[in-house]
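Remarks on the overall topology
What follows is each chain in one-letter form.
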Amino acid sequence: MFKTFIINHEKKVQRFLEVLPGLVSWNLILFPYWGIFIIPKVVAYYILGYTVYWFYQSFQIATTGIISHLRIQASMQNDWIKDLNARFKDWQKIKHVIIIPTYKEPLYILERTISSVANQTLPKKQIVLILAMEKKEDEKERNIKIAALTKKFEGVFDNFIATVHELVPGEIIGKSSNEKYAAKWFKANYIDKYKKDIKNYTVTSCDADHTFHKNHFASLTYLYLANKDRYMRFWQPAVLFYNNIWELPAITRTTNILGSIFNLSQLPRKDRLINVSNYSLSYKLLHEVDYWDADKIPEDWGIFFKSYFKKQGGVEVEANYLPVYADAAQSSTTWKTIKNQYEQKKRWAWGVSDDPWIIKAYFLTPNVPFWEKTMRVWYVIQSHFFWPVHWFAITIGLQIPVLLNARFGRTTLAHTVPEISSVILTAALGFLFIMLILDRIYRPERPSRYPVWRAIVQPLEFFLMPVVGFFFSALPGLDAHTRLMLGKYIEYKVTEKV
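Keep in mind that what you see is a predicted model, and the values were worked out from it rather than measured.

1. Overview of the overall build of the protein
The helix and strand tally for the protein stands at 20 helices and eight strands. Over its C-alpha atoms the protein spans a radius of gyration of 24 Å, differing by no more than 12% from the 23 Å that the globule rule assigns to 498 residues. Projected onto its principal axes, the C-alpha positions of the protein cover 80 × 65 × 50 Å. The 498 residues of the protein split such that 56% are buried. Contacts in the protein between residues at least 24 apart in sequence constitute 84% of all its contacts with a sequence separation of at least 6. Accessible area of the protein: about 22,400 Å², with a carbon and sulfur share of 62%.

This is the structure:
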């Protein structure tokens, strides 16, 4: 029934599904302010329920964060080459193609990223590096970077290639279209031309500012060969925004620390882990699903669900328990850094634009296990639809609604719920302490040019969490939802590097 309706009313269904996230988030945010006059008890229990939910999420992040930390420490110290030699005689046949989309990134950023690949414990002749550039970048600047990087790294890897992507009709500016061009170019000009076995190749999507742990690709080789379902898998490391963490103003440093620990904590959650930012998959899977969609901005969750539905389920993401360090959004002044961070968060929140086609695929794709696809899509809805809601329910809670309805404010329930919520949220601060410990472990050492007092007072920056939550979670989330709801689609903006 749903399938027939969607097919017969495709445009109207698409538009409805674009309106739906904003409709849900705005209504949940505004519900306490009108509901307090009509169904005040329901509002009180709604806030209390949200507080319990937040406690559970904090507990889950702290618990899985510890598990992930222990596994990362073991993986960092493990001799993966020794394990490969002991278990797989033909492990050196595996090649890793690393695609680095770049547009206007400074030369030193690209050198840092590629150097981290050159420092791998895996033999470098098993690595192909593709610098995926854009034609719209100034030709002189582009050629200077290509020449400098080629001079430094030529001969280090199995291949060092620079591709230049030109936007064509039907494509939009972004990582997806650039990566698709680079991946298809390599498939045609190397794998096909020289009759290589595509099953022996992986593809890694890598942002231009990422730096890998030295064991990354040795570990990936082992995980790839050890998994009998390797052609149905993605591999995800812990992406930590720590490359420039000491250079940030306190307000953006806090949000990047929280985001980093959240990324780390998700690795053990196989039931909800979806690849983000930096990830790997088999070239075979990527080719079979026809690469990234060049007409979409979000590419990480997009390629996962494209693969998931085209393969009719069974596609999963596994953890590669190693850190990948990334640059946090930064600019030349504090105010510009704040604006830069906001734009990056809005772009991430724009992942909600994937939800309409994911929901349609849920109903239109046959033979996908019902429970499996339901849990996958529910996680998408939960992550995207409620993104802007958390801050309002947790931070404001019943405080303002009770002021609006003074009569209800004098009831026992109106006094009890805030008290219970306060106890629950205070208990959740214990989980924040665990996150602070994990941050201390994985954050780079304080550079000598920064005074000791900055490190000492840094934990006090977490008192900024209510402000940070509003400006870098609730507001950009609402911005993205509202734009999608009104059909005001955003364009891809590269995060500025300094």
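Moving on from the coordinates now.
2. Section: the pairing of strand 6 (residues 233-240)
For strand 6, the buried fraction is high: eight of the eight residues fall into the buried class. Bridging between strand 6 and strand 8 (residues 316-325) involves seven bridges; their strand directions are parallel. When the sheet's bridge partners are listed, Ala 238 is paired in strand 8 with Pro 323. Examined bridge by bridge, strand 6 and strand 7 (residues 279-282) share two bridges and lie antiparallel to one another. The residue bridging Phe 234 from the neighbouring strand is Leu 281, located in strand 7.

3. A few points about the side chain of Arg 269
Relative to the elements of secondary structure, Arg 269 occurs in the loop between helix 9 (250-266) and strand 7. When its relative accessible area of 13% is taken as the criterion, Arg 269 is described as buried. Sequence-distant contacts of Arg 269, defined by excluding residues within four places in its chain, comprise Tyr 56, Gln 60 and Thr 64.

4. Some details on the packing of helix 2 (residues 10-38) against helix 13 (residues 355-364)
Interaxial distance between helix 2 and helix 13 falls to 8 Å at its minimum, and their mutual angle equals 125°. Comparing their axes, helix 13 and helix 2 come out oblique. Considering how the two elements wind past one another, helix 2 and helix 13 form a crossing that is right-handed. Across the interface between the two elements, Glu 10, Val 13, Gln 14, Leu 17 and Glu 18 of helix 2 pack against Pro 356, Ile 359 and Lys 360 of helix 13. When its residues are assigned to classes, the contact of helix 2 with helix 13 shows four nonpolar, one polar and three charged.

5. A look at helix 4 (residues 80-87)
Residues of helix 4 that are buried: Trp 80, Ile 81 and Leu 84. What you see down the axis of helix 4 is that its buried residues fit within an arc of 100°, all on one side. Those residues of helix 4 that are exposed and angled more than 90 degrees off the buried face are Lys 82 and Ala 86. Two or three places before Ile 81, at the start of helix 4, stands the capping residue Asp 79, its side-chain oxygen 3.3 Å from that residue's backbone nitrogen.

6. Examining the sheet that holds strand 7
Reading across the sheet, the eight strands line up as 3-2-1-4-7-6-8-5 and stay open at both edges, with mixed pairing between neighbours. For this open sheet the edge positions go to strand 3 (159-165) and strand 5 (211-212), each flanked by a neighbour on one side alone. Summarising the sheet, strand 1 (residues 95-102) and strand 2 (residues 127-134) pair through seven bridges and their orientation is parallel. Note on strand 2: the bridge partner recorded for Pro 101 is Ala 132.

7. Regarding the packing of aromatic side chains
Per the counting criterion, the structure on display carries 36 aromatic pairs. Pairing Phe 304 with Phe 305 gives two aromatic rings, centres 5.0 Å apart and planes at 90°, and the pair type is edge-to-face. Residue Phe 304 is classed as buried on the basis of its relative accessible area, which comes to 0%. One aromatic cluster is present, built from ring pairs that chain together Trp 185, Phe 186, Tyr 190, Tyr 194, Tyr 201 and Tyr 283.

8. A look at the side chain of Asn 215
Mapped onto the elements of the fold, Asn 215 is located in the loop between strand 5 and helix 8 (216-226). By relative accessible area, which is 4% here, Asn 215 ends up buried. Side-chain polar atoms of Asn 215 contact the side chain of Thr 121, separated by 3.3 Å. The residues touching Asn 215, leaving out its near neighbours within four places in the chain, are Ser 75, Met 76, Asn 78, Trp 80, Gln 120, Thr 121 and Leu 322.

9. So, the packing of helix 2 against helix 20 (residues 465-486)
Helix 20 packs onto helix 2 with a crossing angle of 140° between their chain directions and a minimal axis gap of 7 Å. In this view, helix 2 runs oblique relative to helix 20, as classed from their interaxial angle. In this structure, helix 2 crosses over helix 20, and the sense of that crossing is left-handed. Taking contact as the criterion, the partners of Arg 15, Glu 18, Val 19, Pro 21, Gly 22, Leu 23, Ser 25, Trp 26 and Ile 29 in helix 2 are, on helix 20, Leu 478, His 481, Thr 482, Leu 484, Met 485 and Leu 486. A class-by-class count of the residues in the contact of helix 2 with helix 20 yields nine nonpolar, four polar and two charged.

10. Description of helix 9
The terminal C-alpha atoms of helix 9, which comprises 17 residues, lie 25 Å apart, in line with the 24 Å expected from a rise of 1.5 Å per residue. The buried count for helix 9 comes to 14 of 17 residues, which makes it a mostly enclosed element.

Thresholds applied
Residues numbered from 1 in each chain as written. Predicted model: local features only at pLDDT ≥ 70, side-chain atom pairs only at ≥ 80, totals over all residues. Heavy atoms only, no water. Helix = DSSP H or I, 4+ residues; strand = E, 2+ residues; numbered from the N terminus. Rg over C-alpha atoms; globule rule 2.2 N^0.38 Å. Buried < 20%, exposed > 50% of the residue type's maximum accessible area, 1.4 Å probe, protein only. Contact = heavy atoms within 4.5 Å. Areas by Shrake-Rupley, 256 points an atom, 1.4 Å probe, with all protein chains shown as cover. Pairing = 2+ DSSP bridges. Axes fitted to C-alpha atoms, helices over the stretch in contact; angles between N-to-C directions. Parallel < 35°, antiparallel > 145°, perpendicular 65-115°, else oblique. Left-handed = near helix turned anticlockwise from the far one by under 90°. Nonpolar A, V, L, I, M, F, W, Y, C, P; charged D, E, K, R; others polar. Arc of directions from axis to C-beta. Polar contact = N/O pair within 3.5 Å; in protein donor to acceptor, adjacent residues only side chain to side chain. Phe/Tyr/Trp six-rings, centres within 6.5 Å; stacked < 30°, edge-to-face > 60°. Expected span 1.5 Å × (residues − 1).

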